[in-house]
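Here is what each chain is made of, one letter per residue.
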Amino acid sequence: MHQDVGVLVNGAYVSAVDVRYRPEKYQTALQAARDVGKVHCMCTQQNLRLVVKSRAGKLHLASWPDQSHLHSQLCPFYTPEVASSKDPASTTLPNTPEQKYRRADAQVPVDELASDVRLWGVIHELWDRSLMNRWVPGWHRDWTLARRHLIRAAKDVVLNGEALSAKLYLPQAFTPARRDEINMEWRAFSKPLIDRPRGAQESDSGFVLGVVAEVAKDARGYWLRLQHHREPFFISAQMWVNLSKLSRRGWTEISNGTVPKGRVVTLLRIEAMANLHFAAADCVLMRVTEKYIPANLDYEDLLVTTLLEAKRSFYRPLSFEQSHGSLPNLVLTDTEVKDCDLYVTGAGFPQHRLPAYTKERQQDSIARSRTSWHWSKSASRPALPDQQASTKTGG
């Protein structure tokens with residue numbers, strides 16, 4: 001979850017998250033800052049400079065060249081230090097009509113396509129706002145409750161000048177008593193898409209978010225079915241190949257045709273086809289573990305299960321893009337003195353690189369005023385950091 005940090009725009013304090021993902025609200029201030037002023041991020045004591053850039057006639061903020069890795073890792077302007085010429089702001093949500101979606105089934109180089117995939121930013125924003133990446137002992141979370149939180153969060157996410165909630169469908173948990181209500185809700189959502197199908201002079205699209213239940217292959221591509229929803233969604237063969245690179249963790253879980261129950265969440269942008277079926281124009285597959293907490297690998301699953309059984313409070317940092325980068329695997333929030341970054345490396349991690357990697361992550365945590373904990377799967381798991389006495393639960 002992003003820190004509640006601020007940005008100084010010409011001396012005025014504004015929310016970093018707000019100005020990063022909703023820059024259309026700050027066009028006048030950003031223009032003034034671009035002309036005569038300065039912009040500083042307050043996520044660290046360094047007060048790092050930010051640069052005002054223009055895209056499609058709209059101004060937005062980006063980290064200063066070669067400084068994005070110096071921001072707090074929970075700052076919206078942070079990106080890992082990697083050799084890349086890509087603008088880190090390319091992962092922002094498409095908030096303006098000028099920013100059109102590129103078809104996810106287009107045959108383009110993967111690195112070029114990756115810079116245009118924005119659904120990772122959307123799904124992470126929803127998880128961040130709904131606290132679905134967090135856990136506190138005593139919480140309850142099933143799909144019904146998760147759906148309620150996500151719908152509420154979608155009201156505060158703006159895409160193309162419109163609240164995401166107006167274009168988003170999440171299947172209800174099915175019960176026979178709610179059959180008519182569920183069917184009516186789906187018809188209301190899908191009618192504008194059917195009226196303006198793919199290939200029409202003015203086509204329409206909507207977003208569907210749910211848990212993957214089944215994948216079936218046919219001669220043209222794949223059909224994805226969600227839990228609690230009867231209507232399957234078509235994914236082209238080319239999009240399936242792209243997903244194997246851009247949603248690799250989630251894709252791996254379902255690529256052999258068997259879907260572990262509740263392990264992959266998908267966000268699709270769908271269009272109606274002439275045959276009244278629905279096809280994905282864009283898609284991401286997010287691997288999750290218990291309680292719908294994002295997790296990329298089995299050892300993260302194990303760590304989440306351990307924390308749940310120990311009744312600990314924690315969260316999963318979100319990158320707002322397909323790569324998790326060098327973010328901690330998880331962060332404990334109930335430790336004695338400071339929050340603690342939890343890092344896990346797989347058994348296949350090169351042992352000769354482990355000391356340097358661990359030192360780098362320790363320095364990252366110190367820069368965030370946190371402690372750190374490290375577990376290499378090639379060794380036994382060390383004891384978890386102590387929990388605050390006031391947060392310990394009995395039983």
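Scroll up to find the structure.
Figured I'd write up the structure that's included with this text. (Residues numbered from 1 in each chain as written. Predicted model: local features only at pLDDT ≥ 70, side-chain atom pairs only at ≥ 80, totals over all residues. Heavy atoms only, no water.)

1. Quick look at the nonpolar core
- Core analysis: the largest hydrophobic core is formed by 30 residues, its most contacted members being Ile123, Leu126, Trp127, Leu164, Leu209, Leu267 and Tyr292.
- At six residues, the largest contribution of residues to this core is made by helix 4 (residues 119-130).
- Core analysis: the next-biggest nonpolar cluster, separate from the first, contains 26 residues, Ile182, Leu193, Leu243 and Ile254 among them. (Core = buried A, V, L, I, M, F, W, Y, C linked by side-chain atoms within 4.5 Å. Buried < 20%, exposed > 50% of the residue type's maximum accessible area, 1.4 Å probe, protein only. Helix = DSSP H or I, 4+ residues; strand = E, 2+ residues; numbered from the N terminus.)

2. A look at the packing of helix 4 against helix 5 (residues 143-154)
- Running from amino to carboxyl end, helix 4 crosses helix 5 at an angle of 110 degrees, the nearest separation of the two axes being 8 Å. Judged by the angle between their axes, helix 4 and helix 5 are roughly perpendicular. Across the interface between the two elements, Leu126, Trp127, Arg129 and Ser130 of helix 4 pack against His149, Leu150, Ala153 and Ala154 of helix 5.
- Among the residues making up the contact of helix 4 with helix 5, the classes are represented as five nonpolar, two polar and one charged. (Axes fitted to C-alpha atoms, helices over the stretch in contact; angles between N-to-C directions. Parallel < 35°, antiparallel > 145°, perpendicular 65-115°, else oblique. Contact = heavy atoms within 4.5 Å. Nonpolar A, V, L, I, M, F, W, Y, C, P; charged D, E, K, R; others polar.)

3. Remarks on a positive patch on the surface
- Taken together, Arg148, Arg152, Lys155 and Arg178 make up a surface patch of like positive charges.
- Classification of Arg152 by relative accessible area gives partly exposed; the value is 47%. (Patch = residues over 30% accessible without salt bridge, like charges linked within 9 Å, V, L, I, M, F, W, Y side chains within 5 Å. Areas by Shrake-Rupley, 256 points an atom, 1.4 Å probe, with all protein chains shown as cover. Salt bridge = Lys/Arg side-chain N within 4 Å of Asp/Glu carboxyl O. Lys, Arg positive; Asp, Glu negative; His and termini not counted. Charge placed at Lys NZ, Arg CZ, Asp CG, Glu CD.)

4. Thoughts on the side chain of His324
- The topology assignment puts His324 in the loop between strand 15 (314-315) and strand 16 (330-332).
- Under the relative-accessibility criterion, His324 is labelled buried at 13%.
- A polar contact is formed between the side chain of His324 and the backbone oxygen of Pro328, at a distance of 2.9 Å.
- For His324, the contacting residues outside a window of four places in its chain are Asn296, Arg316, Pro317, Ser319 and Asn329. (Polar contact = N/O pair within 3.5 Å; in protein donor to acceptor, adjacent residues only side chain to side chain.)

5. Quick word on the sheet that holds strand 6 (residues 134-135)
- Spatially, five strands are ordered 6-15-16-17-18 in an open sheet, and the strand pairing comes out mixed. In the strand order of this sheet, the two ends are held by strand 6 and strand 18 (371-376), each with one partner.
- Sheet analysis places strand 16 next to strand 17 (residues 340-345), joined by three bridges and oriented antiparallel. Bridging across to strand 17, Leu330 finds its partner in Leu342.
- Strands strand 6, strand 15, strand 16, strand 17 and strand 18 of the sheet are contacted by helix 9 (residues 298-309), whose axis makes an angle of about 140 degrees with strand 17. (Pairing = 2+ DSSP bridges.)

6. Here we look at the pattern of salt bridges
- Scanning the model with the defined rule gives 17 salt bridges in all.
- For Arg129, the salt bridge is made with Glu125, and the minimal N-O distance between the two is 2.7 Å. Taken together, the residues span about one helical turn, with Arg129 and Glu125 both in helix 4 at a distance of four residues.
- You can call Arg129 partly exposed: its relative accessible area is 30%.
- Judged by relative accessible area, Glu125 falls into the buried class, the value being 0%.
- Taking the shortest distance from any N to any O, the salt bridge between Glu185 and Arg147 comes out at 2.9 Å. Remark: Arg147 occurs in helix 5 and Glu185 occurs in helix 6 (residues 179-195); sequence separation between them is 38 residues.

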